[in-house]
Amino acid sequence: MNETPYEIVIGLEVHVQLKTNTKLFCRCSTKFGNPPNTQTCPVCLGLPGALPVMNKKAYFLGMKTALALNCSIPKFTKWDRKNYFYPDLPKGYQTSQFDLPMSEEGYLDIKSTNDEFEPRRVRIIRAHLEEDAGKSIHDEAAGKGDSRIDLNRTGTPLLEIVSYPDMRNAAEAKTYMQELRLLLTYLDVSDCNMQEGSLRCDANVNLHIPADNGVIATPIVEIKNMNSFRSVERGIAYEAKRQYNVWQETGKVLGELPKQTRGWDDSAQVTRAQREKEESADYRYFPCPDLVPVIVTDQQIEEVGRDIGELPAALRERLETEFGLTTYTSDVIVNQGRGLVDYFLELAEASGDNKLAGNWVQGEVLRILNEQEISIDTFKLSAAQLAEMLKLIQSGDLDSSKAKDVLAVMLDSGKSAAEIVKELGIEKVDEGDLEDLCKMLVERNPRVVDDVRGGNEKAVGALIGQAKKENPNVNPGQVRQICLNIINDI
Amino acid sequence: MSIINKTATEQLALLQSREITSVALTQAYLDRINQVDPAVGAFLRVESDTALTQAAEVDRKREAGESLGKLAGLPIAIKDILCTQNTPTTCGSKMLENFVPPYNATVVEKLFSADAVILGRTNMDEFAMGSSTENSAYHPTQNPWDTSRIPGGSSGGAAACIAADMAPLSIGTDTGGSIRQPAALCGCVGLKPTYGRVSRYGLIAFASSLDQIGPLARTVEDTALLMEVLAGHDSLDSTSVDTPVPPYSETVHQPLQNLRLGVVEQHFGKGIDPEIEGAVKQAIATYQSLGATIKNLEMPHADYGIATYYIIAPCEASSNLARYDGAHYGYRADQAEVAAELAEDGSDEGPLVRMYRKTRSEGFGSEVQRRIMLGTYALSEGYYDAFYLKALKVRRLIRQDYDNAFEQVDLIIGPVTANPAFVKGEKTSDPMTMYLEDLYTVTANLAGVAGISLPCGLTKNGLPIGLQLQAAAFQEEKLLRAAQMFQHATDFHLRRPELL
Amino acid sequence: MSLTRQDVEKVALLAKLKFDDDQLDRMTDHMIQIVEYVEKLSELNTQDVEPMAHALDIYNALAEDEPRPGLTREAALGNAPKSDEEYFRVPAVLGE
Ligand SMILES: [Mg+2]
Ligand SMILES: [Zn+2]
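Model, not experiment: these values are computed from the prediction.

Student: Help me understand the overall build of chain A, please; the structure alone is not making it clear to me.
Tutor: Secondary structure assignment for chain A yields 15 helices and 17 strands. Its C-alpha radius of gyration of 30 Å places chain A more than 25% over the 23 Å reference for a compact globule of 490 residues. Along the three orthogonal principal directions, the C-alpha set of chain A runs to about 95 × 55 × 50 Å. Going through the 490 residues of chain A one by one, you find that 54% of them count as buried. Here chain A has roughly 22,100 Å² of accessible surface; of this, 47% comes from carbon and sulfur atoms.

If you want it as structure tokens, here you go:
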């Protein structure tokens, strides 16, 4: 798969906006999309004299996420200031966590759905809490005129999840992001809305290039501003090629250049060097004297752990082993989120047929959800209603192709499957009658018989059409098979 | 005897018995301010109109029989470092010349609900950085005992207005001695509470882990009265501590039995003025005569206080003062001048960064800039461990000295300053000598314990001498009771400067 | 550790301050003097000493996640040196 003359080494820093009502250090709303500068107070404006107070919910949402990422939770954690000047950072420092983060050393397992890479365990260095900055709006003609600053977002709680550089290609990075997002959705700790910036990703990327005397590493570049899964994949792929070209031109290796920051330009599909903020690179971290440390007990950690529920990886495993679904089907269902999984579990239970339930959820139900652009929560059909229909399929009273029609009517009318079957006049055709019908059709169509015997099996399709006219309830597959048998027996 | 020569406690009694009105009392102080403040310069702004309005409202409430707060009708002066909604708050800096906070400091709220009458804002060293009030961006404050001398600082205005009878009560802040040192040099009482005892919400930060708001007054009794209002837990300040507030004003008159006082050898080392040493030793003798026992204490790290302080405080300040960059409030350098400068020196740093730098260089005075520089340096890569981290460790050692001390004694007794008030300009050229003003006071801030300064004599030249008592965390009650024992036995607190 | 004029200039850049030549000389002198003084801390052996960042051992000051009214936009922008009806305005980051 990896045919490049180098290996890409990728570590991701993901910023997750936690689902709280209020900001990390003040009680301003975190709502997205309100008019600029209408969600501020002395604290998040960084006014002289204002003091921060830590949001309890943010801390525990952070802990829940960290536990789900298999991190350990230190009993003692504290807050530090990261000092730098920027107009979207009114205090002149970001309150973050430096040497004693709230969690450390976890992992997230990823696997490819289409065999793009081998399953991989991506280790996590740490997940820590910090506050978001505000929004700067720069004039299009850069440098002309003022920048406008909106501080509504300033102070929104973020969990920064930092991975080890364990990923080896862009697809892995993209899958890691997707799997992480799915996990966060199951945990219900974040809206995970990438357009609104509640899930953001920076990637540290460099190359390992095999050489005669070992491996050459290129200088590390941090790519910022990748706001979709696709841009994560493309940004990294672009950057790898760029670095390889630069290395071929300059021969510069790790240690010979400082870490560079590049922004992903989604419209141009390139990464661009960001202005070196050389003088700002020294953040002078130190413990925030205005915030006090948090100490947690084993009991508190256990309590949060109990609240986590079943996570995607475990669910996939369960749907395969306990319910006998294929890897593909269980992946599709689990990746849609907890809602669809619950729907499936209910359907399986009510219908008594796990595989049939899995196929219908993964197939027709999901197709309709996508078509209507809705989620399972607003799907009109309850699992119990659908189960009724599945039972008709199981008993042979309804065949799969007709069942789709029945499902459509159920959605429209809200009537039960049995009622609709009756209304549509769908009846099970007696096998003897079907044999007779097929015999008659074969006799009536000598040309079809000749064609089939001449090797053109498809010609039998004409008989199926005629059979449906004679009796709309016939099963096309059955007609086909019986007719072919008769012709071959001639 | 004029009404303004009475103590706040006496005035409160007269207000309560309706022998005087708050309007009359407030007017008397406004008249006094008009008369003497041109020579003292204790105030940055006198808020006559709002003060008289507040006073009239208290009088009305009293007349109507409505419930009143603990300071009802008493005038008070506030150091210009506490944010007050819709009222300019400058912190003695050009940077905040036009700053009008949209919110109240918790302490200001407390004063409002205690029905106090705010007379105005007192002068201070810019951002509370200094020991002489010469670093105010507006004007210096003179010591009422000798107007050629400094009043101490940074709460110089707060102490001078008490000494000159321009207010019965005032509020200061103490980061390394900024309440106790000016109280000592101006001959009044100043209390630095335990860290966490009084909410810092709305106090414009200098060094957050050291700053503490406290009362100044003429007497210990008055100090206790004000302290009772200021103290208490505040959910808006994470470092505020939730422990009950004793009724200081009631218990202050109860003498302490079997009082054990500790004396620290280093406090009487080289450099201390003999007159100060004499007065403090006399005060110790007074306590002995009141039944106290004296114990010599080992505080081996006391001499490292200033060095520790001048790392930690600037480090925190460098970060706390980063917010003054001209972007969201406060002073901003002229945009056209920024552009012209950039064009002239051909720098590529861009208009934003140059605006920051020009704003901060023009908006901050030189002492503030020096401390920002020191703190930035001490936190920067390669120096953090040697300076900041080292200082945090020595801070722990200093705290352990205190812990050991308070296992043996109730209070530590000693001088507040090594010398009486110095002549203006004497120490401005040499920052280190100015920094040493806080030699005896900084350790209390580093350890977080409480300290009080009270008058214990006058020099031959008629300059006040301060006595310092220090107590373990949250032992303000003990501190006030012991201080009251001394005032009960002496009359130093009744002496007044011959001003006008 | 001896502090040079160049060091001071670098620190000024970090601190977003700007000095002319005289100021830089004076600042360098003062900083050298102060740094020399505070270096007396190196006399002390602090190997096993726990650093003390807070004056008191306070923990777990946590607030409930309940919104409280903040400032109106007018109040938020009220002290801004430059603003429009909606935003704070600052000079462009980069310049032309
Ligand atoms: Mg971060
Ligand atoms: Zn806020």
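From this point, the discussion proceeds with the structure in view.
Student: What's the story with the coordination of the magnesium ion (ligand 1) in this structure? I'm lost.
Tutor: Geometry sets the ideal angles at a metal, namely 109.5 degrees for four tetrahedral donors and 90 or 180 degrees for six octahedral donors. All names here are of chain A. Coordination of the magnesium ion (ligand 1) by the protein involves Glu130 (OE), Glu130 (OE) and Glu160 (OE), with metal-donor separations of 2.0 to 2.6 Å. Within this pair, whereas Glu130 is found in strand 7 (residues 120–131), its partner Glu160 is found in strand 10 (residues 157–163), the two being separated by 30 residues in sequence. For Glu160, a relative accessible area of 9% gives the class buried.

Student: Could you clarify how one ought to interpret the coordination of the zinc ion (ligand 2) in this entry?
Tutor: Protein coordination at the zinc ion (ligand 2) comes from A:Cys26 (SG), A:Cys28 (SG), A:Cys41 (SG) and A:Cys44 (SG), with a distance range of 2.3 to 2.4 Å. Geometry at the zinc ion (ligand 2) is tetrahedral, judged from the four donor atoms that bind it and their angles of 98 to 117° at the metal.

Student: Explain the packing of helix 13 (residues 366–379) of chain B against helix 1 (residues 5–14) of chain C to me, please; I cannot follow it from the model alone.
Tutor: To describe two helices that pack against each other, one gives the angle between their axes and the distance between the axes. One can describe the packing of helix 13 of chain B onto helix 1 of chain C by two numbers: an axis separation of 9 Å at closest approach and a directional angle of 100°. Considering the angle they form, helix 13 of chain B stands roughly perpendicular to helix 1 of chain C. On helix 1 of chain C, the residues touching B:Met373, B:Thr376 and B:Tyr377 of helix 13 of chain B are C:Val8, C:Val11, C:Ala12 and C:Leu14. Class assignment for the residues of the contact of helix 13 of chain B with helix 1 of chain C results in six nonpolar, one polar and no charged.

Student: Whenever I open this one, the layout of surface pockets confuses me. Can you help?
Tutor: Regions of empty space are outlined by a rolling probe, equal in size to a water molecule, passed over the atoms. All names here are of chain A. Space inside the second largest pocket adds up to approximately 860 Å³. Around the second largest pocket, the lining comprises 34 residues; the ones closest to its centre are Gln178, Glu179, Leu182, Arg316 and Asn335. Looking at the lining of the second largest pocket, the elements that each hand over two or more residues are strand 6 (103–110), helix 2 (170–187), helix 3 (229–250), helix 5 (312–321) and helix 6 (327–335). Ranked by the residues each element gives to the lining of the second largest pocket, the list is headed by helix 2, at nine residues. Looking at the lining of the second largest pocket residue by residue, the classes come out as nine nonpolar, 12 polar and 13 charged. Among the domains, domain 1 (12–196 + 275–299) and domain 2 (310–423) are the pair contributing at least three residues each to the lining of the second largest pocket.

Student: Just to check I follow, could you spell out the environment of A:Ser29 for this structure?
Tutor: All names here are of chain A. Examined against the element boundaries, Ser29 turns out to sit in the loop between strand 1 (7–17) and strand 2 (54–55). Not counting residues up to four positions away in its chain, the partners in contact with Ser29 are Asn21, Lys23 and Gln39. From its side chain, Ser29 meets the backbone nitrogen of Lys31 in a polar contact 3.0 Å long.

Student: Can you walk me through the packing of aromatic side chains in this structure?
Tutor: For any pair of aromatic rings, the description consists of the separation of the ring centres together with the inter-plane angle of the planes. By the definition in use, this model includes 27 aromatic pairs over all chains. Ring geometry for A:Phe85 against B:Tyr356: centres 5.6 Å apart, planes inclined by 45°, an arrangement best described as tilted. Here A:Phe85, found in the loop between strand 4 (80–83) and strand 5 (93–96), pairs with B:Tyr356, found in helix 12 (residues 350–363), and the two come from separate chains. With respect to burial, A:Phe85 and B:Tyr356 carry one shared label: buried. Relative to B:Tyr329, the ring of B:Tyr324 lies with its centre 6.1 Å away and its plane at 80°, an arrangement referred to as edge-to-face. With respect to burial, B:Tyr324 and B:Tyr329 carry one shared label: buried. These aromatic residues form a ring-pair network of at least three members: B:Phe99, B:Phe127, B:Tyr324, B:Tyr329 and B:Phe364.

Student: Looking at this structure, how should I read the pattern of salt bridges?
Tutor: Oppositely charged side chains may form a pair once their charged atoms are brought near each other. Here the structure, examined in full by the defined rule, presents 66 salt bridges over all chains. For A:Lys78, the salt bridge is made with A:Asp80, and the minimal N-O distance between the two is 2.4 Å. Look at A:Lys78 and you get buried, because its relative accessible area is 13%. Here B:Glu349 and B:Arg354 are joined by a salt bridge, their closest N and O atoms 2.3 Å apart. By relative accessible area, B:Glu349 is classed as buried at 9%. On the basis of relative accessibility, which here comes to 2%, the residue B:Arg354 falls in the buried class. A single salt-bridge network, built from bridges that share partners, covers B:Glu337, B:Glu341, B:Asp345, B:Glu349, B:Arg354, B:Arg357, B:Lys358 and B:Glu362.

Student: Before we go on, may I ask you to explain a negative patch on the surface in this structure?
Tutor: Residue and element names in this part refer to chain A. The grouping of Asp430, Glu431, Asp433, Glu435 and Asp436 at the surface amounts to a negative patch. Residue position: Glu431 is located in helix 12 (residues 431–444). Judged by its relative accessible area of 58%, Glu431 is exposed.

Conventions and cut-offs
- Residues numbered from 1 in each chain as written.
- Chains lettered and ligands numbered in written order.
- Predicted model: local features only at pLDDT ≥ 70, side-chain atom pairs only at ≥ 80, totals over all residues.
- Heavy atoms only, no water.
- Helix = DSSP H or I, 4+ residues; strand = E, 2+ residues; numbered from the N terminus.
- Rg over C-alpha atoms; globule rule 2.2 N^0.38 Å.
- Buried < 20%, exposed > 50% of the residue type's maximum accessible area, 1.4 Å probe, protein only.
- Areas by Shrake-Rupley, 256 points an atom, 1.4 Å probe, with all protein chains shown as cover.
- Donors = N, O, S within 2.8 Å, 3.2 Å for Na, K, Ca; no water.
- Tetrahedral: all angles 85-135°; square planar, octahedral: opposite > 155°, others 65-115°.
- Axes fitted to C-alpha atoms, helices over the stretch in contact; angles between N-to-C directions.
- Parallel < 35°, antiparallel > 145°, perpendicular 65-115°, else oblique.
- Contact = heavy atoms within 4.5 Å.
- Nonpolar A, V, L, I, M, F, W, Y, C, P; charged D, E, K, R; others polar.
- 1 Å grid on protein atoms, 1.4 Å probe; cavity = no way out; pocket = protein on both sides within 12 Å on 5 of 7 lines; lining within 4 Å.
- Points joined across faces, edges and corners; volume = space filled by probe spheres on them.
- Domains from an automatic or database assignment.
- Polar contact = N/O pair within 3.5 Å; in protein donor to acceptor, adjacent residues only side chain to side chain.
- Phe/Tyr/Trp six-rings, centres within 6.5 Å; stacked < 30°, edge-to-face > 60°.
- Salt bridge = Lys/Arg side-chain N within 4 Å of Asp/Glu carboxyl O.
- Patch = residues over 30% accessible without salt bridge, like charges linked within 9 Å, V, L, I, M, F, W, Y side chains within 5 Å.
- Lys, Arg positive; Asp, Glu negative; His and termini not counted.
- Charge placed at Lys NZ, Arg CZ, Asp CG, Glu CD.

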